[in-house]
Amino acid sequence: MAGILERFRMDGRVAVVTGSGRGIGAATALALADAGADVVVSARTASQIEATAEGVRERGGRALVVPCDVLDAEQRSALLARTEAEFGRLDVLVNNAGGWGPTPALDTSEDDLDACFRFNVTTAFALSRSAALTLARDGGGAIVNISSTAGVFAQPGFFAYGTAKAALAFLTKNLAQDFAPKVRVNAIAVGSVLTDALAGFMTPALEAMMLDRTPMARLGEPEDIAASALYLASPAASYVTGEVLGVHGGLTSSQVTLPRAAL
Ligand SMILES: NC(=O)c1ccc[n+]([C@@H]2O[C@H](COP(=O)([O-])OP(=O)(O)OC[C@H]3O[C@@H](n4cnc5c(N)ncnc54)[C@H](OP(=O)(O)O)[C@@H]3O)[C@@H](O)[C@H]2O)c1
């Protein structure tokens, strides 16, 4: 019997990672390449996806660079079509592109909420649905959705983002039921990782509050999430589907407290 680490290998497999120009997506693309996968690197900024692709090649993988705004249906179709044309297969889809800043509920319009859902939920569904047949065809595929602890712990100020990420987590569970046994669908409830997205609203006071409330007493690194995404994408997790894996340093409640609505 092969050693257990063989189950984490991704040789001969092809992965699409959305939002892989930087942050968690870039680290995940590189982790998959470390494990032997070929990776389709995708986001809007060409220079950043080129840089990630170079990292994939340095690790011995083949990389295909496809600029894609996940909000654009034609660009999503082109992403999957170019993957098929280049590699002739698809084994892993990582729906990582997403995000939304904290906004008070009273300042959130219906359009804001729709836009947040579209970015974090609808695009992941659309790509998953479009890729499902190909993922199933090629011997058992995996979808990994990047959700958030904001979708696990209710807190003031995260109404739109938290609701959308909770929906992404439940979409994960439902799609896992629809797509079993050929395609596994799992998600990661990410804690705070100091990427550009978080740096945008981080302050020393906020960071001190976060560290104080995090049992593991540090913020996450993109590689913490990438390692978990690799596990869920790999044959090591072949009996795991419909799960939302918490990767957040042991949180049991929200990491920050923003002001409540002034009612
Ligand atoms: N960082 C955290 O603390 C944290 C916590 C919980 C969950 N998450 C989740 O983790 C995921 C990645 O976040 P991150 O922190 O790594 O963010 P990031 O460092 O800002 O990176 C986001 C990536 O997504 C791409 N992207 C943004 N808008 C896009 C679009 N419309 N279409 C395609 N790609 C797009 C960006 O490139 P372009 O701008 O060039 O397109 C970039 O490559 C998100 O789903 C986020 O909600 C993050």
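Residues numbered from 1 in each chain as written. Predicted model: local features only at pLDDT ≥ 70, side-chain atom pairs only at ≥ 80, totals over all residues.

Draft legend 1. Looking closely at the pairing of strand β6 (residues 183-190). Of all the eight residues making up β6, eight are buried; the element is thus mostly covered by neighbouring parts of the structure. Neither face of β6 is exposed, since Val183, Val185, Ala187 and Ala189 on one face and Arg184, Asn186, Ile188 and Val190 on the opposite face are all buried. Sheet topology note: the strand β5 (residues 141-148)/β6 ladder contains eight bridges and is parallel. In the strand pairing of β6, Asn145 is matched with Ala187. In this fold, the crossover linking β5 to β6 by way of helix α5 (residues 159-179) has right-handed handedness. Summarising the sheet, β6 and strand β7 (residues 244-247) pair through four bridges and their orientation is parallel. (Buried ≥ 20, exposed ≤ 12 C-beta atoms within 10 Å, placed from the backbone. Helix = DSSP H or I, 4+ residues; strand = E, 2+ residues; numbered from the N terminus. Pairing = 2+ DSSP bridges. Right-handed = clockwise from strand over helix to strand, strands pointing away.)

Draft legend 2. Representation of the site of the ligand in the model. Lining the immediate environment of the ligand, one finds 29 residues, of which Gly19, Gly23, Arg44, Thr45 and Gly98 sit closest. Looking at the shell around the ligand, the elements with two or more residues in it are α1 (23-34), β5 and α6 (196-199). Residue classes in the shell around the ligand are distributed as 11 nonpolar, 14 polar and four charged. (Near = placed C-beta within 6 Å. Nonpolar A, V, L, I, M, F, W, Y, C, P; charged D, E, K, R; others polar.)

Draft legend 3. The nonpolar core, seen in detail. Of all hydrophobic cores here, the largest spans 75 residues; its most connected members are Ala15, Leu32, Val39, Val41 and Ala229. Excluding its chain neighbours within four sequence positions, the residues that come into contact with Ala15 are Leu32, Ala37, Val39, Val40, Asp91, Val92, Val94 and Ala233. (Core = buried A, V, L, I, M, F, W, Y, C linked by C-beta atoms within 7 Å. Contact = placed C-beta atoms within 7 Å.)

Draft legend 4. Representation of helix α4 (residues 110-137) in the model. If you check α4, its first and last C-alpha atoms are 39 Å apart, about what 28 residues at 1.5 Å a residue would give, namely 40 Å. Along α4, the positions that sit buried rather than exposed are Cys116, Asn120, Val121, Thr123, Ala124, Leu127, Ser128, Ala131, Ala132 and Leu135. On its buried face, α4 is in contact with α3 (73-87), β4 (92-95), β5, α5 and β6. (Expected span 1.5 Å × (residues − 1).)

Draft legend 5. Main features of the packing of α4 against α5. Interaxial distance between α4 and α5 falls to 9 Å at its minimum, and their mutual angle equals 20°. In terms of their interaxial angle, α4 and α5 are classed as roughly parallel. Handedness of the crossing formed by α4 with α5: right-handed. For the pair α4 and α5, the contacting residues are Asp112, Leu113, Cys116, Phe117, Asn120, Val121, Ala124, Phe125, Ser128 and Ala132 in the first and Ala160, Tyr161, Ala164, Lys165, Ala167, Leu168, Leu171, Leu175 and Phe179 in the second. (Axes fitted to C-alpha atoms, helices over the stretch in contact; angles between N-to-C directions. Parallel < 35°, antiparallel > 145°, perpendicular 65-115°, else oblique. Left-handed = near helix turned anticlockwise from the far one by under 90°.)

Draft legend 6. Representation of the packing of α1 against helix α8 (residues 222-233) within the structure. In contact at an axis separation of 8 Å, α1 and α8 are set at 50° when each is read in the N-to-C sense. With respect to α8, the axis of α1 lies oblique. Handedness of the α1/α8 crossing: right-handed. Across the interface between the two elements, Gly23, Ile24, Ala27, Thr28, Leu30, Ala31 and Leu32 of α1 pack against Pro222, Glu223, Ile225, Ala226, Ala227, Ala229, Leu230 and Ala233 of α8. The residue inventory of the contact of α1 with α8, partitioned by class, reads 12 nonpolar, two polar and one charged.

Draft legend 7. Examining the confidence of the model for the protein chain more closely. Taken over all residues, the pLDDT of the protein chain has a mean of 97, while the share at 70 or more is 100%. Taken element by element, the predicted model of the protein chain shows its lowest mean pLDDT in α6 (90) and its highest in strand β2 (residues 38-42) (99). (pLDDT = per-residue confidence, 0-100.)

Draft legend 8. Spatial organisation of the sheet that holds strand β1 (residues 14-18). Across the sheet, which stays open at both edges, the seven strands sit in the order β3-β2-β1-β4-β5-β6-β7 with parallel pairing between neighbours. Two strands close off the open sheet at either side, each with one partner strand: β3 (63-65) and β7. Strand-to-strand, the axes of this sheet are offset by a mean angle of 20°, without reference to chain direction. Across three bridges, the pairing between β1 and β4 is parallel. The residue bridging Val16 from the neighbouring strand is Leu93, located in β4. The strands touched by α5 are β5, β6 and β7; relative to β6, the strand with the most contacts, the crossing angle is about 160°.

Draft legend 9. Representation of unusual backbone geometry in the model. A cis amide bond, omega 5°, links Ala180 with the succeeding residue Pro181. Looking at where Pro181 falls in the secondary structure, it is placed in the loop between α5 and β6. The phi dihedral of Ala217 falls on the positive side, at around 55°, and the residue is not glycine. With respect to the helices and strands, the residue Ala217 is situated in the loop between α7 (204-213) and α8. With 10 C-beta atoms packed within 10 Å, Ala217 lands in the exposed category.

Draft legend 10. Representation of the environment of Ala180 in the model. Within the secondary structure layout, Ala180 lies in the loop between α5 and β6. Owing to 12 C-beta atoms within 10 Å, Ala180 belongs among the exposed residues under this scheme. Distance from Ala180 to Gly246, taken between C-alpha atoms, is 22 Å for residues 66 residues apart in sequence.

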